Amino acid sequence: MSTETEYRPGLADVPAAKSAISFIDGKRARLEYRGIAVETLAKESCFEETAYLLLKGELPTQKQLAEFDSELRQRRKIKSRLKDLIKCMPEHGHPMEALQTSVAALGMFYPCRDVSDPAKNWDAALRLIATLPTLVAAFARIRQGDEPIDPRPDLDHSANFYWMLFERVPSPAIRKVIDAALITHAEHTMNASTFTCRVTGSTLASPYATIASAIGSLAGPLHGGANEEALSMFEQISSVANVKPWFEKALANKAKIMGFGHRVYKVKDPRAAVIQELAEHVFAESTRPEKYEIALELEKVAAPVLGSKGIYPNVDFFSGVVYESLGIAKDLFTPVFAVARVVGWVAHWLEQLQDNRIFRPEQIYVGQRDVAYVPLEKRP
Ligand code: SDX
C-alpha cells in the first residue's frame, strides 16, 4: 500500500528507467548524448551522425554513416494513399494533430505489431526518422492548396526537409542552422513525451502507435508546444518598451512565462544558448527581428525575479524566433521539434524493449469506500 510520503507530483525526481542514451546536469547546464556534449555535436556533427550515435551508442565509422544515411534516404517517400489521407484532413487542424494521425496511419502501411523481431524494429525506427519530415511538410503544403513536394535523394536530412517545405534548396548557412537546431532538440532524458513513449512501448504496442502517443504528449503547451506559445507571447508584448510592464502584469497574475523554467535545469538551458548562437548567426546576415529584441529584453527583465527561483530560458524560448526567420509558420514549430525528437523517442523505445517490464505505477486512493448502491427509483 503506497503512502503519502512516497507520492511525488509529476514524478519529480523519481527515476522511471535506467538509460544510457543522454545525461543532464541541471545545475551545471550540461547535456550529453552518449557522453558527448550537445554543444559539440551541434557545432561539429550532423543530424544523421547524431541520430546514429543516439541509436547505436557510439559515433559511426565513415562506412556505417554512409550506409545509415542511405537507409534513411530510401525511406523518405510516403505512399500516395497516405497523401490522400492527409488531403482529407481539415486544413485548419493543428499540424501536430495531422502528424499524430499520419504516424498512426503509417503503421497501417508498414505493420510492425510484433516487436520481437529486431530487424523489423530497426526498419520501423529508420522509417519513422526518415518520414516525419515528409509528413510535416506534406500537411503544410496540402493545407495551403499545394501538392506535397517529393523528397530529394540528393539532399541530406535537414536540406531535404527545407526543400519539401519551400521547394528550394537552403543555403549552406540555413542548412547548418536547421541541422544544429534538430541536433539540439533530438534527445533529453526522461521528458514527458519520452516517458510517454516508454510507457506505450512497454505494452509491446507497435512503434508507430508508440511514436504517435509521444507526439500527442509533445504537443502540450507545457512541453513541446511552448515554442509556439513563446512566439505568441512576443507578439502579444509587441514592443521592447512594453516588456517590463507586460512582465510585471504577468507576474502579478502568476502567469507562466512560456519558454522559461524547467524541471531539471535550474540555470539557463544549454540548448537555449546554442539556439541563441544560431539566432545571432542568422541575424548577422540580416536585421535582427523585433521579436528577438523582445526576447532578449524579457530575458533581462525576468532574470532578477525568476532567476532567484532557478527559472531561466529553456530550449523553447528562442527557437521560434529562429524558425520564423527561416520562413517556418508558427504552428509548425512543434512539428519541427518532433522531427528531431523522434530520434530520442526511438532510441528509448529500443532501449525499453531490451529489458522491458510494463509500466504500472501505484496511486494513493483518496475516494470513498464501501458505498451502498441506491436504485434509480429511490434517488431524487
Ligand atoms: C520542454 O522535461 C524536459 O526535458 C522537457 C524539454 C525536452 O527537451 O523534452 O526540455 C522540453 O518541454 C521545455 C519546457 C517548455 N515549457 C515551457 O516553457 C512552459 C513554461 N514552463 C513551466 O510550465 C514549467 O517551468 C515547466 C513545465 C517547464 C516545469 O514545470 P515544473 O517543474 O512542474 O515546475 P512548476 O510548474 O511546479 O513550478 C515551480 C514554481 C511555481 O511557483 P510556486 O507555485 O512554487 O510559487 O516555479 C514557478 C511556478 O509558478 N514557475 C514559473 C515558470 N515555471 C515555473 N513561473 C513563471 N513562469 C514560468 N515559466
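Residues numbered from 1 in each chain as written. Predicted model: local features only at pLDDT ≥ 70, side-chain atom pairs only at ≥ 80, totals over all residues. Heavy atoms only, no water.

## Thoughts on the overall build of the chain
Just so we agree on the cut-off: Numbering of helices and strands runs from the N terminus, with a helix taken as a DSSP run of H or I at least four residues long and a strand as a DSSP run of E at least two residues long. In what follows, a contact means two residues having at least one pair of non-hydrogen atoms within 4.5 Å. Just so you know, the count uses Lys and Arg for positive and Asp and Glu for negative, and it drops His and the chain ends. By convention, charge coordinates are those of NZ in Lys, CZ in Arg, CG in Asp, or CD in Glu.
Counting secondary structure elements, the chain contains 16 helices and three strands. Each principal axis of the C-alpha distribution contributes one length, and for the chain these read about 70 × 55 × 45 Å. Looking at the chain alone, contacts between residues at least 24 apart form 75% of all its contacts between residues at least 6 apart. In the chain, 46 side chains carry a positive charge and 47 a negative one; their mean positions are 3 Å apart.

## Section: the pairing of strand β1 (residues 22–25)
Stated formally: When DSSP finds at least two bridges between two strands, those strands are taken to pair.
Across four bridges, β1 lies against strand β2 (residues 30–33) in antiparallel orientation. Across the sheet, S22 pairs through a bridge with Y33, a residue of β2. Linking two consecutive strands that pair antiparallel, namely β1 and β2, is a turn of four residues; a positive phi of about 50° is found at A29 within it.

## Some words on the layout of surface pockets
Left-over empty space is what a probe sized like a water molecule reveals as it rolls over the atoms. Heads up, the rule is: Grid points spaced at 1 Å over the protein atoms alone were grouped into cavities, where a 1.4 Å probe fits but cannot get out, and pockets, open sets with protein on both sides within 12 Å along at least five of seven lines, with lining residues defined by an atom within 4 Å of a point. Grid points are joined across faces, edges and corners, and a volume is the space filled by probe spheres set on the points. Under the scheme applied, nonpolar residues are Ala, Val, Leu, Ile, Met, Phe, Trp, Tyr, Cys and Pro; charged residues are Asp, Glu, Lys and Arg; polar residues are all the others, including Gly.
If you add up the space inside the second largest pocket, you get close to 680 Å³. Going through the elements one at a time, α9 (192–202) and α16 (333–354) are the ones with two or more residues in the lining of the second largest pocket. Of the residues belonging to the lining of the second largest pocket, the class tally is 11 nonpolar, four polar and nine charged.

## Digging into empty space enclosed by the protein
Applying the stated criterion to the full structure yields one cavity of 30 Å³ or more. Size it by volume and the largest cavity reaches roughly 60 Å³. At the level of secondary structure, the elements contributing two or more residues to the lining of the largest cavity comprise α7 (157–166) and α8 (172–184). Looking at the lining of the largest cavity residue by residue, the classes come out as nine nonpolar, no polar and no charged.

## Considering the packing of aromatic side chains
Applied cut-off: The pairing test for Phe, Tyr and Trp rings, Trp by its six-membered ring, is centres within 6.5 Å, and the orientation test on the planes gives stacked under 30 degrees, edge-to-face over 60, and tilted for anything in between. Ring-over charges, as used throughout, are those where CZ of Arg or NZ of Lys falls within 6 Å of the ring centre and within 35 degrees of the ring normal.
Overall, the coordinates contain 10 aromatic pairs when judged by the stated rule. If you follow K56 out to its NZ or CZ, it ends over the ring of W122, 4.3 Å from the centre. Lying across the ring of Y110, R127 places its NZ or CZ 3.7 Å from the centre.

## Things to note about the sheet that holds strand β3 (residues 36–37)
Here we have three strands laid out as an open sheet, ordered β1-β2-β3, and antiparallel in their pairing. The sheet is open, and its two edges are formed by β1 and β3, each paired on a single side.

## Examining unusual backbone geometry
A negative phi angle is the norm for most residues apart from glycine, just as the trans form is the norm for most peptide bonds. Applied cut-off: Under the scheme applied here, a residue whose accessible area is under 20% of the maximum for its type counts as buried, over 50% as exposed, and between as partly exposed, the area being computed with a 1.4 Å probe on protein chains only.
A positive phi angle is found at L11, which is not glycine, with a value near 55°. On the secondary structure map, L11 appears in the segment before β1. At K254, a position not held by glycine, the phi torsion is positive, near 55°. For K254, a relative accessible area of 76% gives the class exposed.

## Let's talk about the state of the cysteines
Rules: Disulfides are defined in this document as cysteine sulfur pairs within 2.5 Å.
In total, this model carries zero disulfides according to the counting rule given. Sulfur of C197: no disulfide; nearest cysteine sulfur belongs to C112 and is 13 Å away.

## Side note on the site of the ligand
How we decide: The cutoff for a nearby residue is simple: one of its non-hydrogen atoms must lie within 4 Å of the molecule or strand. A 3.5 Å cut-off defines polar contacts: any pair of N or O atoms within that distance qualifies, except that in protein one atom must be a possible hydrogen donor and the other a possible acceptor, and neighbouring residues in sequence count only when both atoms are side-chain atoms. Each accessible area value is a Shrake-Rupley result obtained with a 1.4 Å probe; residue values ignore everything except the protein chains displayed when judging cover. Source of the domain bounds: an automatic or database domain assignment.
Of all residues adjacent to the ligand, which total 22 residues, the nearest are H188, H262, R263, R271 and R341. The separation between a nitrogen atom of the ligand and a polar main-chain atom of L222 is 2.8 Å. One nitrogen or oxygen atom from the side chain of N314 is found 3.0 Å from an oxygen atom belonging to the ligand. Contact with the protein chains hides 72% of the accessible area of the ligand, taken as 1100 Å² for the molecule alone. Here the shell around the ligand spans two domains, since at least three of its residues come from each of domain 1 (20–220 + 331–354) and domain 2 (226–325).

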